[in-house]
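Spelled out from the first residue to the last, the chains are:
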Amino acid sequence: MTTEVEARKLDPAVALPALDESAPREPHRQFALKHEDCFIVADSYGDIRGTGDGLFRDDTRVLSRFRLFVGGRMPSLLGASLSQDNILFTANLTNLATIGPNGSETLPGVVHIDRTRFIWQDRMFERVIFTNYSARDVLLPVRFDFDADFRDMFEVRGTTRSRRGRAHEARVGESRVTFRYEGLDNVERQSVIAFSMTPHQMHPNHAEFLILVGMRDSRALHLEVGPSEEIPSSDRFRAAAARARFAMRSKRRQGATVFSSGRVFNDWLTRTRADIALLTTDLETGPYPYAGIPWFSTAFGRDGVISALQMLWLNPDLARGVLAFLARYQSTETSIFDDAEPGKIMHETRKGEMAVLRELPFGRYYGGVDTTPLYVYLAWSYADRTGDDEFVDRMWDSLCAAIAWMEEVGARNGEGFVTYSRAADTGLFNQGWKDSADAIFHSDGTIPRGPIALVEVQGYVFAAYQGMAALAAKRGDVAKAAHWSGMAERIRNAVETQFWMPDRNFYALAIDGEGKQCAVRASNPGHLLYVGLPSAERAQSVAEQLLSAHLHSGWGVRTLADDELPFNPMSYHNGSIWPHDTAICAAGLARYQERTSVVKLMSSMFEAAVRFDMRLPELFCGFTRAIGDAPVAYPVACLPQAWSAGSAFMMLQACLGIRIDGWKGEINVERPRLPIGIDNIVLRHLAVGDVKVDLTFQRVGDRIVCYLDERHEGLVPLVVRS
C-alpha cells in the first residue's frame with residue numbers, strides 16, 4: 001500500500017489546497033446535544049459557524065468556531081440525525097472532487113465522511129471516519145478551523161459589554177491547542193482541542209491533516225474539546241459514549257411509560273420523552289428540567305414548574321425535584337436589582353461571568369410574577385398526586401412564605417390581584433410568561449402603565465389559595481383553611497368582575513395600573529379554564545373563541561386573535577403558537593368536559609410535530625393552516641424546549657381524563673378519549689402510592705374502555721366515569 005509520505009511525493013498538489021468556502025450549502029438545521037451544564041448547538045454538517053451556535057459550558061461559549069473542510073472545500077451533506085435517545089449526533093457527508101490547475105481531477109469525490117459526536121461531563125467527543133470507495137488509495141487533505149471566544153451567553157444573545165477580561169494567546173502543542181480566558185470575575189476558563197493523530201500542520205486557529213485512506217478502507221480521527229488536556233482515542237470515545245447512553249437510559253425510565261397502537265405516534269412520544277430526559281439535569285436537590293437550548297439551558301422557575309405539572313401524572317419525582325430546588329433558593333430579602341422580596345420564588349439563575357459580576361440581574365433573578373403562585377399550585381398538585389405528606393411538611397414554611405408574599409402584593413391594589421412592575425430598568429419589562437416588551441398592550445396597541453395584573457396570573461393565584469386551603473385542612477388547621485379558601489373566592493369574584501368583557505364575551509388580557517382593561521382577546525384566559533376559575537357559562541364562551549378561526553390556526557391556539565391590532569403571526573408572543581400554551585388550554589377545555597375539542601387540538605399538535613421531525617419547538621408561526629401546507633418555523637425558537645416537549649403528555653392526560661388520587665390510592669378516569677387514529681394506549685409502571693400498575697385504554701366500537709392489568713386487579717381501585 002502507498003504510504004502517506006510516498007503519496008505526497010507522487011501528487012504534491014493535494015497536500016494543502018487553498019480553502020474554498022464558496023461551494024453552495026444545502027439547507028441546514030441546528031442540532032443540540034447536552035449533558036448537565038454543558039451543551040452544543042451546531043448545524044447539519046456538525047459545524048459551528050460563530051453566530052448563535054457553539055459549545056457552551058456554565059453559560060460561557062467555550063468553542064465559537066469549529067468547521068471541517070476536506071480537499072480545501074466544504075463537504076457535501078448527505079444527511080444528519082440525532083439518535084433516538086438524543087445522545088449521538090451523526091452527519092453523513094462526502095467530499096467534493098478537487099480539480100488541479102491542468103484540469104485533471106486530483107481528488108475524486110468518493111470518500112464518505114461519518115461525523116459522530118456526543119457530550120459527556122463538560123467535554124465534547126467526536127469521531128470522524130473517512131471511508132474510501134474508490135479503486136485507488138486517496139490522500140485526503142483535512143482541515144479543522146476552530147476558535148474559542150469565551151463570550152457570556154448574554155453577549156451571544158446580543159448584549160454589549162463595555163469591557164471584557166483578558167484572552168490569552170492560544171498555546172499550540174503537537175496535537176492540541178489550548179485557549180484561555182481570564183474573566184473580570186477572576187475565573188480562568190480554558191478550552192483544549194485535542195486530536196488522536198498528529199496534524200501535518202498545527203496553528204492557533206486551525207489544524208491540517210493529510211490522511212491516507214486505502215481503497216475500500218477506512219480511517220478514523222478522534223478529537224475532544226474540554227476544560228483539561230486528554231489524549232483522544234477510540235477506547236475513550238467508546239467508554240464515554242457507553243456511560244452517556246446508560247445515564248440517558250436511566251433518565252428515560254423514570255416514571256411511567258406510554259405505548260400506543262400507532263407507530264408514528266409512538267415515535268413522537270419516544271422523541272418527546274427523550275427531549276425531556278435530555279433537558280433534565282441532576283442537581284443536588286433532585287432532577288430539574290432546564291428550560292431549553294440554546295438560550296435557556298438553565299433552571300427557570302416558571303418553565304420548571306409547568307414542565308413538572310405536565311409530567312406529574314407520569315413522573316412525580318420531577319415535581320419533587322423542582323419544588324426542592326425552588327424552595328432552597330426562595331428569596332428571604334428585598335432587592336430592587338434582583339426584583340426580589342421575601343417569600344418570592346426564583347425566576348431564573350445563571351452561572352456566567354456577567355451574572356457573577358452583576359452586570360445583569362440574572363445570576364438569581366426573581367422577576368417572574370407567576371412563578372410563586374405556580375410553585376404553590378405545584379406543591380398542592382404533587383401532594384394530591386402522591387399523598388406525600390412528609391415532603392409537604394418539610395415544604396410548609398416555604399409555602400406559607402410564598403402565600404404571604406402573594407397576600408402582601410394583593411393588599412397593595414385592594415382587589416387581591418398579584419401584579420408586577422419591574423423594580424429596576426435592568427429587569428424584565430413584562431414578567432408573565434409572555435415577557436417580551438410588546439406582549440402586553442391595550443386594544444389600540446399602546447403599552448399600559450403598571451403595575452400590571454395579568455389574567456392568567458390571577459388564575460394561578462386562585463389555584464394556589466385553593467391548594468393551600470386543602471393542604472391546611474389535611475393538616476387540621478381549620479382557621480387557615482377557611483382563610484385561604486376565602487381568599488380564593490375573593491380572587492375568583494374579582495376576576496369575574498374586573499376582567500370580563502361583556503361586549504366580547506371574553507376575559508381581558510390584563511388590567512393596568514389605572515384600573516383599565518387591556519381589552520384584547522389572547523390565549524391567556526385558556527389558563528383560567530385550566531385552574532377551573534370561570535363559571536360554566538363563561539367557560540363555554542371562552543372555549544368557543546379559543547377554538548374559533550381567530551385564535552385557532554389549525555395547528556394550535558394562537559397567542560393573540562388575528563383580528564387584534566398588533567397581531568403578527570411571525571411575532572414572539574403576539575400571534576405565534578406556543579405548544580405549552582395550547583396544551584394548557586387543552587387541559588382547561590378537558591376540565592369543562594370539552595374533551596372532543598381536546599382530541600382535535602392534540603391531533604393538530606401531533607401533525608405539527610410530524611412536520612417538525614417529531615419535535616415541537618418552543619414556538620412556531622401562527623399562519624392559518626391550509627391544505628397541504630406545513631407549519632412555519634419561528635427562526636430562533638429553542639429546540640428542544642422542556643414545556644413544549646411536555647405538552648404532548650399534558651394533552652394526552654387531558655384526552656384520557658385520568659387523575660391519580662395519591663391520598664386515596666386510586667385512579668380516576670372520566671370520559672376518556674383516545675387521540676385520532678389510535679386504538680389503544682398502555683401506561684406501564686404507573687405509580688399509585690407504593691404500587692406500580694399497567695393501565696390500558698382500548699377503543700371498542702364508539703366507546704373507550706380502560707382496565708388494569710390482571711396482575712394488579714384488586715390492588716389499586718380504578719374509578720371510571722363515562
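Just above, that's the structure.
Residues numbered from 1 in each chain as written. Predicted model: local features only at pLDDT ≥ 70, side-chain atom pairs only at ≥ 80, totals over all residues. Heavy atoms only, no water.

**A few points about the side chain of Arg115**
Just so we agree on the cut-off: Secondary structure elements follow DSSP: runs of H or I no shorter than four residues count as helices, runs of E no shorter than two count as strands, and numbering proceeds from the N terminus. In the analysis that follows, any N or O atom pair within 3.5 Å is treated as a polar contact, provided that within protein one partner can donate a hydrogen and the other can accept it, and provided that, for residues neighboring in sequence, both atoms belong to side chains. Any pair of residues with heavy atoms lying within 4.5 Å of one another is described as a contacting pair.
Looking at the secondary structure, you find Arg115 in strand 10 (residues 111-119). At 2.9 Å, the side chain of Arg115 and the backbone oxygen of Tyr45 are in polar contact. Within the local environment of Arg115, its side chain forms a polar contact with the side chain of Glu126, the two groups lying 2.6 Å apart. Excluding residues within four positions of it along the chain, Arg115 makes contact with Tyr45, Gly46, Asp47, Phe66, Leu68, Phe89, Thr90, Ala91, Glu126, Arg127, Val128 and Phe144.

**Some remarks on the packing of helix 8 (residues 371-386) against helix 10 (residues 455-474)**
Where we set the bar: Axis lines are fitted to C-alpha atoms, over the contacting stretch for helices. Their N-to-C directions set the angle, which ranges from 0 to 180 degrees. For this classification, under 35 degrees means roughly parallel, over 145 means roughly antiparallel, 65 to 115 means roughly perpendicular, and everything else is oblique. Helix crossings are classified by the rotation of the near helix relative to the far one: an anticlockwise turn of less than a right angle makes the crossing left-handed, while a clockwise turn makes it right-handed. By the convention adopted, Pro, Cys, Tyr, Trp, Phe, Met, Ile, Leu, Val and Ala count as nonpolar, Lys, Arg, Asp and Glu as charged, and the other residues, Gly among them, as polar.
Where helix 8 meets helix 10, the axes come as close as 8 Å, and the angle between the chain directions of the two elements is 40°. As judged from the angle between their axes, helix 8 and helix 10 are oblique. Seen along the crossing, helix 8 lies across helix 10 with a hand that is left-handed. The segment helix 8 lies against helix 10, with Pro373, Leu374, Val376, Tyr377, Trp380 and Ala383 engaging Tyr460, Val461, Ala463, Ala464, Gly467, Met468, Ala470 and Leu471. Class assignment of the residues belonging to the contact of helix 8 with helix 10 gives a composition of 13 nonpolar, one polar and no charged.

**Comments concerning the pairing of strand 33 (residues 691-700)**
Rules: By definition, two strands form a pair when at least two bridges between them are found by DSSP.
Note: strand 32 (residues 680-688) against strand 33, seven bridges, orientation antiparallel. The residue bridging Leu686 from the neighbouring strand is Val693, located in strand 33. Two successive antiparallel strands, strand 32 and strand 33, enclose a turn made up of two residues, where Gly689 displays a positive phi of approximately 65°. Of the pairings in the sheet, the one linking strand 33 to strand 34 (residues 703-708) comprises six bridges and is antiparallel in character. Residue pairing in the sheet places Gln698 in a bridge with Val705 of strand 34.

**Describing the sheet that holds strand 33**
Spatially, 20-32-33-34 is the arrangement adopted by the four strands of the open sheet, whose pairing is antiparallel. This sheet does not close on itself; its edge strands, each paired only once, are strand 20 (257-260) and strand 34. Each adjacent strand pair in this sheet contributes to an overall mean axis angle of 20°, direction not counted.

**As for the pattern of salt bridges**
Here the idea is simple: oppositely charged side chains can pair when their charged atoms come close. Using the following cut-off: Definition used for salt bridges: Asp or Glu carboxyl oxygen within 4 Å of a side-chain nitrogen of Lys or Arg. To sort residues, take the accessible area from a 1.4 Å probe on protein chains only and compare it with the maximum for the residue type: under 20% means buried, over 50% means exposed, and anything in between is partly exposed.
This structure, assessed with the given rule, holds 48 salt bridges. Arg161 is paired through a salt bridge with Glu155; the nearest N and O atoms lie 3.5 Å apart. Owing to a relative accessible area of 14%, Arg161 belongs among the buried residues under this scheme. Judged by its relative accessible area of 12%, Glu155 falls in the buried class. Between Glu284 and Arg328 there is a salt bridge, with the nearest N and O atoms lying 3.3 Å from each other. Highlighted residues: Glu284 in the loop between strand 21 (280-283) and strand 22 (286-289) and Arg328 in helix 6 (residues 316-328), separated in sequence by 44 residues. Salt bridges sharing common partners tie together Arg151, Glu155, Arg161, Arg164, Glu353 and Glu359.

**Digging into the packing of aromatic side chains**
Condition: Pairing of aromatic rings covers Phe, Tyr and Trp, the last through its six-membered ring, and needs centres within 6.5 Å; plane angles under 30 degrees mean stacked, over 60 mean edge-to-face, and all others mean tilted. By definition, being over a ring means that NZ of Lys or CZ of Arg is both within 6 Å of the ring centre and within 35 degrees of the ring normal.
Tallying each qualifying case throughout the model produces 31 aromatic pairs. Ring centres 5.1 Å apart and planes at 70° place the aromatic pair Phe118 and Phe237 in the edge-to-face group. Of the two residues, Phe118 sits in strand 10 while Phe237 sits in helix 3 (residues 234-252), which places them 119 residues apart along the sequence. Ring centres 5.8 Å apart and planes at 75° place the aromatic pair Phe265 and Trp268 in the edge-to-face group. Of the two residues, Phe265 and Trp268 are both situated in helix 4 (residues 263-279); the distance of three residues between them amounts to about one turn of the helix. Grouped by ring-pair contacts, the aromatic residues Phe66, Phe144, Phe146, Phe179, Phe195 and Phe209 constitute a single cluster. Directly above the aromatic system of Phe259 lies the positively charged group of Arg684, at a separation of 4.3 Å from the ring centroid.

**Some remarks on the environment of Glu284**
Among the residues examined, Glu284 registers a relative accessible area of 75% and is labelled exposed. Sequence separation between Glu284 and Phe246 is 38 residues, and the spatial gap between their C-alpha atoms is 20 Å. Among the polar contacts listed, one links the side chain of Glu284 to the side chain of Arg328, at a separation of 3.3 Å.

So, to be careful, I would describe these as geometric facts and stop short of saying anything about function.
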